[in-house]
Every structure is written in C-alpha cells, then in structure tokens.
Amino acid sequence: MSKRVNFAEFGIVEPHARLKHLANHGNLSDIDLNIPIRRYYRSGMEMVRMANVYLSEGNLEDAYILYMKFMTLFIEKIKSHPEYKTVAAATKQQNQAKLKEVLPITEKLKTTLLGRYEKEYTQFLANKEAERAKEAAAARERAKNSIPPPTASLSGASAATDFAPSAPNAELLDSIVYPNDFPSDPNRSSSSGLILPDSDKKHPTRPTFDRNLKPSSSSLLDGTLRTVVVPIDTMTSFLELAKSNTQSNVETCAILAGALAHNQLILTHMILPKQKGTSDSCNTMNEEEIFDVQDQHNLITLGWIH
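Here's what I pulled together on the structure shown here. Keep in mind that what you see is a predicted model, and the values were worked out from it rather than measured. (Residues numbered from 1 in each chain as written. Predicted model: local features only at pLDDT ≥ 70, side-chain atom pairs only at ≥ 80, totals over all residues. Heavy atoms only, no water.)

### Topic: the overall build of the protein chain
(1) Moving on: Scanning the protein chain from N- to C-terminus turns up 9 helices and 6 strands.
(2) Moving on: Counting across all 306 residues of the protein chain, residues that qualify as buried make up 28%.
(3) Moving on: Sequence separation of at least 24 residues holds for 70% of the intrachain contacts in the protein chain that already meet a minimum separation of 6.
(4) Moving on: As displayed, the protein chain has an accessible area near 21,500 Å², and 55% of this comes from carbon and sulfur atoms. (Helix = DSSP H or I, 4+ residues; strand = E, 2+ residues; numbered from the N terminus. Buried < 20%, exposed > 50% of the residue type's maximum accessible area, 1.4 Å probe, protein only. Contact = heavy atoms within 4.5 Å. Areas by Shrake-Rupley, 256 points an atom, 1.4 Å probe, with all protein chains shown as cover.)

In structure tokens form, the structure reads like this:
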C-alpha cells in the first residue's frame, strides 16, 4: 500500500478542503488535440483498471484521484477533441457503461474519505487543545517555582571590600593576544578587541544526515514516477523471438504489458502483434486484437520494445 498523504504539508487540514484538493488533482487532465482519440478511450479503460487495484489495496486517495480523472475526461472534456464524432458507437457505449459503473464507486469512496477525514480532524483539534493545555500548565508551574533575583543593597565598607580591584593574574596577561598580533589562521574569527587563545577548544562539527534515508511518499499527489519491475530475461526473450526477422534485416516490435501492485508497475507479458517491418521501421496492425488480449488478461500498457 502506498504511503498516506500528509495533507499538513499542503497546509490543508479541514475535511472538505482535503477532499476538494483530491478532486482538483483529478481534474488536471487536459485533451491534447494531436493525440488520436482512440488512445484516450484506451487509456481511460486502463485508468479504471489501476484505480480498481488501488481500491482493492486500500489506497483510497489514489483510487479516488484516478476515478475522478476518468469521469472528468469522459464527461466534460473528451467532446472537445476534433475526432470525437468519428468514435465508433460501440466504443462510446462501452465507455458510457464504464462511467455508470465508476460513478457510484466514486460517490461511496467520497463518503468514506470524508468520514475518515472528519475523524482525523476531530482528533487533530483534540490534540491541539491538549497541547495548549499542557503548555499552559507548564507555564504556570514555571511561574510558581521561579525565584526572584536578589535585590540586596550595598553600603559602607562592605561594598568597598566587595568591589576593591584585585591585582591582575600575570599568567593571564601573558596569554592575551592583541589585534595586531593575531595569527594569520584563516579559520580564526576576525573580530576586534582582545581574545584569549584556546588551542584545546574544538569547534563542534555540523550534524550530518543521509539524504537517502529521507522518507518519501508514493502518492499520485507527489507527481513522482512509479517503479517499473522488469524481469531480467526480458531482453533475451525478445531477441530470441525476433531472431528470424533480425537475420532478414527486418525490425520487430512488441508491446510490454503488466499490472499495478502496491504502487509498482510489474511487467508480466510481452505481446507480439501482427505487424509490418522494414530495415528501420515497424508498424503494428489490428490494434483491436491487442486490446482484446489486454482485456482478457487484465493488463495495462507499460511500454514497447523493438
């Protein structure tokens, strides 16, 4: 499970504000008019697939973000794409069915998150009040136990005796260094006046820390890249499959697909679609067949290899 989002880092504590922050993050998707619309519909299905994984693993916040992205994209924004009217009716129907499936899940998730945030907010306020009470009690205790400084007055011979000048210590005078006698040590302070050299005094070293030990969050709110787990024999397997084409000086390409688990993308399948290749190019054919295979095995696209 990915690490819980620390909303305090964003300055957000109030429950509805926290939920709105998640929703706003889910609304960041924009339509790139240069990307074929079929890719949006395909990516939308994979988006829901990943959201379902997050939900099953208890990562409610990331699941909510992806569900919101999907709904925002296909309810509000997809119609602005110039190719929208060319989308097949079957594709639109499939998308509408998925929207009807996702909507109640998202509403239920919203209620669950809000309830959790309200409990956490109540506890947060209680902790703050307890902290204030503790600080107030400590202040009263300090005031109660404090001893005022002595205010005895000095008079007569006693005062004269107490403040009579004493002879300077000869050894101390010998150790005084005057400004003109400062050594040329670049590490020594250049302050004016008299200083007493103390060669045995050691300056405290600055604390050090290992930046690799800094805790990291893997929430979608961070915008950090997720780890991709690739089997060690992936390259060897592909080269073996492409061997005959390579010997004929023909490019071969394959789709890398897999699954999301514990916020890691795990490569599990290499799909070789029908394709046409030349010495320096490769074009896939019948993309619908690729999608069918991915749907059958519940796969998401991770990349490609050639």
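### Quick word on the packing of helix α1 (residues 15-26) against helix α4 (residues 89-145)
(1) Moving on: At their nearest, the axes of α1 and α4 sit 8 Å apart, and the two run at 140° to each other. Between α1 and α4, the angle falls in the class oblique. Every pair of crossing elements has a handedness; the one defined by α1 and α4 is right-handed. Between α1, through Pro15, His16, Arg18, Leu19 and Leu22, and α4, the contact on the second element is made entirely by Lys110, Leu113, Leu114, Tyr117, Glu118, Glu120 and Tyr121. (Axes fitted to C-alpha atoms, helices over the stretch in contact; angles between N-to-C directions. Parallel < 35°, antiparallel > 145°, perpendicular 65-115°, else oblique. Left-handed = near helix turned anticlockwise from the far one by under 90°.)

### Some details on the packing of helix α3 (residues 60-77) against α4
(1) Moving on: Relative to each other, α3 and α4 sit at 140°, their axes nearing to 9 Å. By the angle class used here, α3 and α4 are oblique. Both α3 and α4 take part in a crossing whose hand is left-handed.
(2) Moving on: A per-class count over the contact of α3 with α4 returns 16 nonpolar, 3 polar and 4 charged. (Nonpolar A, V, L, I, M, F, W, Y, C, P; charged D, E, K, R; others polar.)

### Some points on helix α2 (residues 37-56)
(1) Moving on: Here α2 spans 29 Å end to end across 20 residues, near enough to the 28 Å set by a 1.5 Å rise per residue.
(2) Moving on: In terms of burial, α2 is a largely internal element, 14 of the 20 residues being buried. (Expected span 1.5 Å × (residues − 1).)

### Remarks on the pattern of salt bridges
When their charged atoms lie close together, side chains carrying opposite charge are able to pair.
(1) Moving on: Taken as a whole and judged by the stated rule, the model has 10 salt bridges.
(2) Moving on: Between lysine 98 and glutamate 101 there is a salt bridge, and its shortest N-O distance comes to 3.4 Å. Taken together, the residues span about one helical turn, with lysine 98 and glutamate 101 both in helix α4 at a distance of 3 residues.
(3) Moving on: Residue classification places lysine 98 among the buried residues on the basis of a relative accessible area of 18%.
(4) Moving on: Within the structure, one salt-bridge network assembled from shared partners comprises Arg18, Glu61, Arg116 and Glu120. (Salt bridge = Lys/Arg side-chain N within 4 Å of Asp/Glu carboxyl O.)

### Topic: the packing of aromatic side chains
(1) Moving on: Within this structure, the stated rule accounts for 3 aromatic pairs.
(2) Moving on: Judged by centre distance (5.1 Å) and plane angle (50°), the ring pair of tyrosine 41 and phenylalanine 74 falls under tilted. Of this pair, tyrosine 41 sits in helix α2 while phenylalanine 74 sits in helix α3, placing them 33 residues apart in sequence.
(3) Moving on: Given the relative accessible area of 8%, tyrosine 41 is considered buried.
(4) Moving on: Ring centres of tyrosine 121 and phenylalanine 124 lie 6.3 Å apart, and the angle between their planes is 15°; on these two criteria the pair is classed as stacked. Here phenylalanine 124 and tyrosine 121 lie together in helix α4, a separation of 3 residues that amounts to about one turn.
(5) Moving on: Relative accessible area serves as the criterion here: at 27%, tyrosine 121 is assigned to the partly exposed category.
(6) Moving on: Every member of this aromatic cluster is reached through a ring pair, and the members are Tyr41, Phe70 and Phe74.
(7) Moving on: Cation over ring: arginine 18 sits above tyrosine 117, and NZ or CZ is 3.8 Å from the ring centre. (Phe/Tyr/Trp six-rings, centres within 6.5 Å; stacked < 30°, edge-to-face > 60°. Lys NZ or Arg CZ within 6 Å of the ring centre and 35° of its normal.)

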